[in-house]
Amino acid sequence: QVQLVESGGGLVQAGGSLRLSCAASGRTFGTYAMAWFRQAPGKEREFVGRFNWRTGSTYYTDDVKGRITISRDNAKNTMYLQMNSLKIEDTAVYYCAAADRQYNTYNIRGAYNYWGQGIQVTVSS
């Protein structure tokens with residue numbers, strides 16, 4: 001069992017920056033990948049980016065590529081989402097996810113079997 005807790009959300013002005021953290025606890029030694037998803041009001045939960053824990057590779061959607069960076073701290077079992085040049089469209093609840101198994105791809109919800117409760121990010125004008 002793995003527990004995920006997001007932190008660092010809040011209100012930020014357009015063009016500003018914010019860093020989210022996802023702290024993992026429990027049986028984290030078997031982690032294969034961790035990812036960030038987001039869900040805006042009235043929309044489906046969508047993939048933002050992921051970090052492959054075994055290879056160290058990252059992958060981002062075109063919508064956020066160039067504006068976000070996903071990193072990790074293995075000693076703290078923590079994944080970070082650094083967001084820059086934030087837009088109003090980035091307003092959403094952001095979810096942390098983890099996978100403890102190999103999967104064909106890690107850019108879909110079905111690959112992940114552990115989820116945080118989500119944290120609000122609001123970008124204002």
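Before reading on, note that the structure itself is shown above.
Residues numbered from 1 in each chain as written. Predicted model: local features only at pLDDT ≥ 70, side-chain atom pairs only at ≥ 80, totals over all residues. Heavy atoms only, no water.

Asker: An account of the overall build of the chain is needed here, citing residue identities and associated values.
Answerer: Counting its regular elements, the chain contains 0 helices and 11 strands. Element order for the chain, N to C, with α for helix and β for strand: β-β-β-β-β-β-β-β-β-β-β. Expected size for 125 residues packed as a compact globule is a radius of gyration near 14 Å; at 14 Å, the chain falls within 12% of this value. With the C-alpha coordinates of the chain rotated into their principal frame, the extents come out at 40 × 25 × 25 Å. Considering only residue pairs separated by 6 or more positions, the chain has 55% of its internal contacts joining residues 24 or more positions apart. Total accessible area on the chain is roughly 6600 Å²; 45% of this is exposed by carbon and sulfur atoms. If the 14 positive side-chain charges of the chain are averaged to one point and the 9 negative ones to another, these points end up 6 Å apart. (Helix = DSSP H or I, 4+ residues; strand = E, 2+ residues; numbered from the N terminus. Rg over C-alpha atoms; globule rule 2.2 N^0.38 Å. Contact = heavy atoms within 4.5 Å. Areas by Shrake-Rupley, 256 points an atom, 1.4 Å probe, with all protein chains shown as cover. Lys, Arg positive; Asp, Glu negative; His and termini not counted. Charge placed at Lys NZ, Arg CZ, Asp CG, Glu CD.)

Asker: Please give an account of the sheet that holds strand 7 (residues 68-73) that cites residues and values.
Answerer: To summarise the sheet geometry, strands pair through backbone hydrogen bonds and adopt either a parallel or an antiparallel arrangement. The sheet built from 4 strands is open, its strands ordered 1-3-8-7 with antiparallel pairing. In this open sheet, the two strands that pair with only one neighbour each are strand 1 (2-7) and strand 7. Sheet twist, expressed as the mean angle between neighbouring strand axes with direction ignored, is 20°. Here strand 7 pairs with strand 8 (residues 78-83) via 6 bridges, running antiparallel. Paired with Arg72 across the two strands is Met79, which belongs to strand 8. (Pairing = 2+ DSSP bridges. Axes fitted to C-alpha atoms, helices over the stretch in contact; angles between N-to-C directions.)

Asker: How would you summarise the side chain of Thr78 if you had to cite specific residues and measurements?
Answerer: Counting through the fold element by element, Thr78 comes out in strand 8. Look at Thr78 and you get buried, because its relative accessible area is 8%. In this structure Thr78 touches Ser21, Cys22, Ala23, Trp53, Ser71, Arg72 and Asp73, once residues within four positions along its chain are discounted. (Buried < 20%, exposed > 50% of the residue type's maximum accessible area, 1.4 Å probe, protein only.)

Asker: Quick rundown of the state of the cysteines? Include the residues and the values.
Answerer: Counted under the stated rule, the structure contains 1 disulfide. One disulfide in the model links Cys22 with Cys96; its S-S distance is 1.9 Å. Linking Cys22 and Cys96, the disulfide has an S-S dihedral of approximately -75° and is accordingly described as left-handed. On the criterion of sequence distance, the pair formed by Cys22 in strand 3 (residues 18-26) and Cys96 in strand 9 (residues 92-99) is long-range, its members being 74 residues apart. On the accessibility criterion, Cys96 (0% relative accessible area) is buried. (Disulfide = S-S within 2.5 Å.)

Asker: Please give an account of unusual backbone geometry that cites residues and values.
Answerer: Non-glycine residue Asn77 carries a positive phi angle of around 50°. We classify Asn77 as partly exposed; its relative accessible area is 27%. Its identity as a non-glycine residue notwithstanding, Ser85 has a phi of 50°, on the positive side. Turning to its location among the elements, Ser85 is positioned in the loop between strand 8 and strand 9. Judged by relative accessible area, Ser85 falls into the partly exposed class, the value being 43%.

Asker: Before we move on, could you go through the pairing of strand 1 and cite the residues and values that matter?
Answerer: What you see with strand 1 is a clean split: Val2, Leu4 and Glu6 sit on the buried side and Gln3, Val5 and Ser7 on the side with no burial. Sheet topology places strand 1 next to strand 3; 6 bridges connect them, and they run antiparallel. In the strand pairing of strand 3, Gln3 is matched with Ser25.

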